[in-house]
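Structural features, examined
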Amino acid sequence: MNSFYICSETEKKNLINFKLHKFGKDNLYVNFSPNIYFKNDKKIFFYGDFTGIYEDNKLKKISFEKFFIKLSNARDINKFLECVEGRFLIFYTSKNFSKIFLDKFSKYDVFYFKNSKKFEVSNNLKLVISNFKNKLNLDNTSISHMLNVLGTRPPKKSTIFENINRLGVNECLDLKTSKLIYSEFYPNYSQDYEYEKIDEYYEIMENYIKNFSKDNSATIFMSSGFDSSFLGSLTQKVLGKKKTNGVNLKLKYSERSGVYNKFEVQKVKKIADFLGINVYFDEINLNTKFHKYAEETSDVSSSRMLPMTLALIMHNQLSKLSSKKLNSETLLSGEVSDGAHNFGFAQYANFFKHEDNGFREYVDKMYNYIYSPSFFQKLLNGKFENDEIFRFLINSKKFSNLKIKKPKNVNDAKNLMFNALFLTDSRFPFVNNQSKILQNNSKKKIDNYFYKNYFNIKNFKNSKQLYSCYLHLYNSFHWQAGTVVTMYELPEIYSLKMSMPFWNIKIQDYLSKMPENWGRGLETRTLKYPLKENLFKKFNITKVLEIGPHSYQYDVNKFSNVFLEVLLSRSAREYMINTFKLYNPSDYLSPNIFNINFVNRLIKEFKNKNFLEHNSSLIYRLFALSNMLKGLKY
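Residues numbered from 1 in each chain as written. Predicted model: local features only at pLDDT ≥ 70, side-chain atom pairs only at ≥ 80, totals over all residues. Heavy atoms only, no water.

1. Considerations on the overall build of the chain
Counting secondary structure elements, the chain contains 25 helices and 18 strands. Against the 2.2 N^0.38 benchmark of 26 Å for 634 residues, the chain shows a C-alpha radius of gyration of 24 Å, consistent with a compact globule. The principal-axis extent of the C-alpha atoms belonging to the chain is close to 65 × 60 × 55 Å. Considering the chain as a whole, with its 634 residues, one finds that 62% of them fall into the buried category. Taking contacts inside the chain between residues at least 6 apart in sequence as the whole, the part at least 24 apart equals 72%. Taken as a whole, the chain presents about 25,900 Å² of accessible surface, with 46% of it coming from carbon and sulfur. In the chain, which carries 95 positive and 62 negative side-chain charges, the distance between the mean positions of the two groups comes to 4 Å. (Helix = DSSP H or I, 4+ residues; strand = E, 2+ residues; numbered from the N terminus. Rg over C-alpha atoms; globule rule 2.2 N^0.38 Å. Buried < 20%, exposed > 50% of the residue type's maximum accessible area, 1.4 Å probe, protein only. Contact = heavy atoms within 4.5 Å. Areas by Shrake-Rupley, 256 points an atom, 1.4 Å probe, with all protein chains shown as cover. Lys, Arg positive; Asp, Glu negative; His and termini not counted. Charge placed at Lys NZ, Arg CZ, Asp CG, Glu CD.)

Shown next, in the form of structure tokens:
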């Protein structure tokens, strides 16, 4: 794994096989060769992946030399980097300053802590910890978040430790003054899109695909959904069928569930046949090999603060399969599309029991409506309680004891939406869905932390900026969590590069301005309207995708809880019990924040196979925390 570290000469003894570079007054130790630029008093170190620069609204490939020249001549570095596509970190030093910059969406992880003299910085959490002189205290607020949401990881600016942070979105480090610098976010306003905008969507994505690959070939992490099918269709058209391949996994979680994603496997084969591309398959068997997968990924998990999610295991296996079967070093994934188009509500409303996928998709559209400017206005004028869609979803999900009240003002309504979308599992306004393991008196304090550090968007004026704010916050929450960033980190082990086209600068700008009536409201356009419209117009593949169950066993209401299946698997169960013996969460969590008795009861019930189904995801998240502490040898 590529690593860098800035430290003093006396700390060099902690670093093995690291090459020394001078960076301002500091020493920069790296165990690989970054791209480096020297000119007069300027030094620039570049780490990560660089796709190109947007000029005249087009992404263009340029050499690193030309990129460095443009960067060194830029009057406003932050503004310049907003036009640079990629996932990267830049150390930039000159006579007047010494700073660390990230890509526009802060895709790259940088851990740091500040001592009395300077910042200690690394992309390897283990290295930061090795230089920490004092006892590290756990950050219980951040841990409460990782135990409460699907991504099982602290939000972007935090780690599991109080004294160690990560560089966040719109932030840079000034190493000369030892200050953290934040740039204000100015949300876009949603616009009225004419039908011609459909073609613009396609042109943005096509332009990206033409530039992202070094060897004009790509391997796609294929699923049975619209996102990877769109990428497969577009990539085989741009690069050719022989240069486009896919990989997929058969997922075996427990003995009773068999191939959990059997519908996905069947559909991927049909998609591959339709497109005329090759797709290679492997399998994951958690029932017999969980311990093997966990140990194999242990180092990257602790070094990069990646929880042992099912996504991490899958992305490791997919990367290994890609490296073994294919020559291309470039990978593609349709990840991020769900959040960017429709805020994650795009799974055919599997909680809704109706057999018709079309109607279940419309229920997903109802969820999108709840986060729309239209419903936001009803929140403000107090006319939301009798909204038929609002009541329908409350009854369908069987939400009870909701404390429904009119927001006091625009800011209160904004926080209500952000809280529901990013801090809860239910993802529905007014539902108190903070984890049961939290003490009741700690919940307000935790919410206030997120309001202050993430939701305080000063330039938010009205409901037409909501969509832009949602996409901006996704960069600090789900898109940097343990189900997404693993797609970047795991391929690097196998010398592969991952690209996520739906996280490119231009398509994010497009979607941040996309109006409610383009699939996000109650109109009859489909979810992901511009994507699906282009799929139909350009490739006519939608008929292959819309027939039959979506992907998983839960699409037919069988073995509907994936975490329960994992907890039932032999190998996973044995590994998790041993991990809890070594690192029982109740020994580390603060009793002021967490209900320790409840934690102990959950683990005891798990060991005795007496746990309730609705607590299975929480048990797994507790394991992910314990496993991370074990990997870090805390």
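2. Structural notes on the packing of aromatic side chains
Applying the stated rule across the entire model yields 62 aromatic pairs. Ring centres 4.7 Å apart and planes at 35° place the aromatic pair Phe 50 and Phe 67 in the tilted group. Linking Phe 50 in strand S5 (residues 42-55) with Phe 67 in helix H1 (residues 64-73), this pair joins segments that are 17 residues apart in sequence. Both residues of the pair, Phe 50 and Phe 67, count as buried. The ring of Tyr 54 has Lys 506 lying over it, and the distance from NZ or CZ to the ring centre is 5.5 Å. In this arrangement the basic side chain of Lys 538 is found over the ring face of Tyr 202, its NZ or CZ atom lying 4.7 Å from the centre. (Phe/Tyr/Trp six-rings, centres within 6.5 Å; stacked < 30°, edge-to-face > 60°. Lys NZ or Arg CZ within 6 Å of the ring centre and 35° of its normal.)

3. Regarding the pattern of salt bridges
Side-chain pairs of opposite charge can arise where the charged atoms are in close proximity. Per the counting criterion, the structure on display carries 24 salt bridges. Close ionic contact of Glu 200 with Lys 197 constitutes a salt bridge, the shortest N to O distance being 3.0 Å. Pair noted here: Glu 200 and Lys 197 are both in helix H5 (residues 197-212), with a separation of 3 residues, about one helical turn. Several salt bridges converge on common partners, so that one network encompasses Arg 87, Arg 304, Glu 489 and Glu 492. (Salt bridge = Lys/Arg side-chain N within 4 Å of Asp/Glu carboxyl O.)

4. A closer look at the packing of helix H8 (residues 286-296) against helix H10 (residues 310-325)
Axis separation between H8 and H10 bottoms out at 11 Å; the angle between their running directions is 80°. Taken together, H8 and H10 sit at an angle that is classed as roughly perpendicular. Residues Leu 286, Phe 290, Lys 292, Tyr 293 and Glu 296 of H8 form the contact with H10, whose own contacting residues are Leu 310, Ile 313, Asn 316, Gln 317 and Lys 320. Its residues assigned to classes, the contact of H8 with H10 shows 5 nonpolar, 2 polar and 3 charged. (Axes fitted to C-alpha atoms, helices over the stretch in contact; angles between N-to-C directions. Parallel < 35°, antiparallel > 145°, perpendicular 65-115°, else oblique. Nonpolar A, V, L, I, M, F, W, Y, C, P; charged D, E, K, R; others polar.)

5. With respect to the packing of H5 against helix H19 (residues 505-513)
Viewed as axis vectors pointing N to C, H5 and H19 meet at an angle of 155°, and their least axial separation amounts to 9 Å. One way to sum up the angle between H5 and H19 is to call them roughly antiparallel. Crossing of H5 over H19 shows left-handed handedness. Of the residues in H19, those touching H5 at Lys 197, Ile 198, Glu 200, Tyr 201, Ile 204 and Met 205 are Lys 506, Ile 507, Tyr 510 and Leu 511. (Left-handed = near helix turned anticlockwise from the far one by under 90°.)

6. Remarks on the nonpolar core
Within the largest apolar cluster, 164 residues are counted, with the highest numbers of intra-cluster contacts made by Phe 230, Phe 290, Tyr 470 and Tyr 620. For this core, the element with the highest residue contribution is helix H25 (residues 616-632), accounting for 9 residues. If near-sequence neighbours (up to four positions away) are discounted, Phe 230 is found in contact with Tyr 201, Tyr 202, Met 205, Phe 502, Leu 531, Asn 534 and Leu 535. (Core = buried A, V, L, I, M, F, W, Y, C linked by side-chain atoms within 4.5 Å.)

7. Concerning unusual backbone geometry
Phi angles above zero are rare outside glycine, and Val 336 is one such case at about 85°. By secondary structure assignment, the location of Val 336 is in the loop between strand S17 (330-332) and helix H11 (337-342). Owing to a relative accessible area of 1%, Val 336 belongs among the buried residues under this scheme. Phi angles above zero are rare outside glycine, and Asn 540 is one such case at about 55°. By secondary structure assignment, the location of Asn 540 is in the loop between helix H20 (529-539) and helix H21 (542-545). Classification of Asn 540 by relative accessible area gives partly exposed; the value is 36%.

8. A closer look at H25
Compared with the 24 Å implied by 1.5 Å per residue over 17 residues, the 25 Å span of H25 between its first and last C-alpha is a close match. Of all 17 residues that make up H25, 16 are buried, and the element is covered over most of its length. Note on H25: the residue one or two positions beyond its end, Lys 633, has a positive phi of about 55°. (Expected span 1.5 Å × (residues − 1).)

9. Section: the sheet that holds strand S14 (residues 218-221)
The parallel open sheet is built from 5 strands, whose spatial order is S16-S15-S14-S17-S18. Each edge of the open sheet is held by one strand with a lone partner, namely strand S16 (278-285) and strand S18 (497-499). In this sheet, neighbouring strand axes are inclined to one another by 30° on average, regardless of whether the strands run parallel or antiparallel. Where S14 lies against S17, 2 bridges are found, and the strand directions are parallel. Within S17, the residue paired with Thr 219 across the bridge is Leu 331. Seen against the sheet, helix H6 (residues 226-239) touches S14, strand S15 (244-252) and S17 and runs at an angle of roughly 170° to S14. (Pairing = 2+ DSSP bridges.)

10. Considering the pairing of strand S7 (residues 84-93)
Of all 10 residues in S7, 10 are buried; the element is thus mostly enclosed. Along S7, one buried face is formed by Val 84, Gly 86, Phe 88, Ile 90 and Tyr 92 and the opposite face, lined by Glu 85, Arg 87, Leu 89, Phe 91 and Thr 93, is buried too. With 10 bridges joining them, S5 and S7 adopt antiparallel strand pairing. If you follow Phe 46 over to S7, its bridge partner there is Ile 90. Counted between consecutive antiparallel strands, the loop separating S7 from strand S8 (residues 98-102) contains 4 residues.

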